[in-house]
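Results of the structural survey
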Protein chains: 2
Amino acid sequence: MTEPAKPRREQILDSASRLFSERGYHATSMRDLAGELGMQGGSLYAHISSKEELLIDIVNQASRQFDEALFTLRGEPLPADAKLKEAMFRHIRVVADNMDSATVFFHEWKHLSPEAYARVTGWRDTIDAFYRELIEQGVREGVFRPGLDIKMTAYLVLSAVNWAYTWYRPGGALGPRDVAEQFAEMLLSGLRAAPAATP
Amino acid sequence: MTEPAKPRREQILDSASRLFSERGYHATSMRDLAGELGMQGGSLYAHISSKEELLIDIVNQASRQFDEALFTLRGEPLPADAKLKEAMFRHIRVVADNMDSATVFFHEWKHLSPEAYARVTGWRDTIDAFYRELIEQGVREGVFRPGLDIKMTAYLVLSAVNWAYTWYRPGGALGPRDVAEQFAEMLLSGLRAAPAATP
DNA sequence: CCTACCGATCGGTAGG
DNA sequence: CCTACCGATCGGTAGG
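Residues numbered from 1 in each chain as written. Chains lettered and ligands numbered in written order. Predicted model: local features only at pLDDT ≥ 70, side-chain atom pairs only at ≥ 80, totals over all residues. Heavy atoms only, no water.

- Per an unreviewed UniProt entry, chain A is named TetR/AcrR family transcriptional regulator, and its organism is Deinococcus arcticus.

Right, here's the structure in full:
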């Protein structure tokens, strides 16, 4: 009863995600945002307490989605190649389903105040660790090649799934599953033609 | 004689690259920039004509570097796998040698005015085309697997070389050559262990 | 390269 | 959710 209507706040967050991703956080004014929602600048503050609160909410929401997508996978008893493929699918799906907030997440986290900034940095480390463990597991179990540099391999995988925010277009011919399938297959089997394997 | 000293302008561009990459274009004020160089805000305009001119210069300079690095490779008579490896090396080297302007290039190009914006978009397309041709060549010559999706393969390669701007640290143990070598080798040969190839 | 300043716009608030 | 407003800061200029 004393709380403002919930949907309105979500509308504000959605509009903010879109504007922040298109123009950047600092280049978006509160009046721009209010205009999108058909209200005056000052009226926003009936629903939120500050501009930075919006950024924090957007970034936290994105973090949580990555977290939830990946960490339910952590304990599952899958061979490393299948697990990598599934992790890439889930990771790309989060990006694809949240193009705006993913873009904000990747571009604007540097503008957060120290506490929120530290939280994001921590999240990044956790995701890194997830992929490194996954690759280590694969090497240990003999699914991946023995000589792999764990860190570099993780960077390569992360490049593929993260960079999708720059080129992926939702609603196109390829779903997140297709992209992940193709990327994972190329990564696992390599681009090189098999050396004339005529039996 | 009527021109302002050249080095000063380069100092301004260097500082601007650093500040724009750390804080973002819109979050950096001309007074911040002037302060870095030990002068007053208004004094900058003895050397430059506008803030956007700085952004345009930084982005153009980055574009030119990518261009020069890759397009001298275009006609060279190398097998596709060697050419891919060399292209990745040069691409990563440009990123590594210009971490600040590369970051500005990837993050701030959306804030350019229409003409400069169109130029950057055009550049992106050209680089895309370069990698697609390279991969097509490889498939045609039988160096790469026949079934490869050209577009997706190019995206995968571009992910690896572009995303380096987020994690690479110049002066560390790995030079651009090492990174490219490792990434290219993983991409070409795949992560999967060979299926028990005891002869 | 500085001092002093311009109009515009910013995030946010008071009071209703 | 609006009107009206706050102090601060913005990019840029005039005149020296």
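Picking up where we left off.
**As for the overall build of chain A**
- Looking only at helices and strands, chain A has nine helices and zero strands in total.
- Element order for chain A, N to C, with α for helix and β for strand: α-α-α-α-α-α-α-α-α.
- Here the C-alpha coordinates of chain A stretch approximately 75 × 35 × 30 Å along the principal axes.
- Classification of the 199 residues of chain A by burial places 50% in the buried group. (Helix = DSSP H or I, 4+ residues; strand = E, 2+ residues; numbered from the N terminus. Buried < 20%, exposed > 50% of the residue type's maximum accessible area, 1.4 Å probe, protein only.)

**Side note on the protein's contact with DNA strand C**
- If you check the shell around DNA strand C, you find 16 residues, and the closest are A:Met30, A:Tyr45, A:Lys51, B:Gln40 and B:Ser43.
- When atoms of DNA strand C within 4 Å of the protein are sorted by moiety, sugar and phosphate together comprise 62%.
- Contact between DNA strand C and A:Thr28: a phosphate oxygen at 3.3 Å from a main-chain N or O atom of the residue.
- Its residues assigned to classes, the surface near DNA strand C comprises four nonpolar, eight polar and four charged. (Near = heavy atom within 4 Å. Polar contact = N/O pair within 3.5 Å; in protein donor to acceptor, adjacent residues only side chain to side chain. Nonpolar A, V, L, I, M, F, W, Y, C, P; charged D, E, K, R; others polar.)

**Considerations on empty space enclosed by the protein**
- As enumerated under the stated definition, the model contains one cavity of 30 Å³ or more in all.
- Roughly 210 Å³ of volume is contained in the largest cavity.
- Looking at the largest cavity, it is lined by 26 residues, and the ones nearest its centre are A:Glu108, A:His111, B:His107, B:Glu108 and B:His111.
- Only α1 (6-23) and α5 (99-108) of chain A together with α1 (6-23) and α5 (99-108) of chain B provide two or more residues apiece to the lining of the largest cavity. (1 Å grid on protein atoms, 1.4 Å probe; cavity = no way out; pocket = protein on both sides within 12 Å on 5 of 7 lines; lining within 4 Å. Points joined across faces, edges and corners; volume = space filled by probe spheres on them.)

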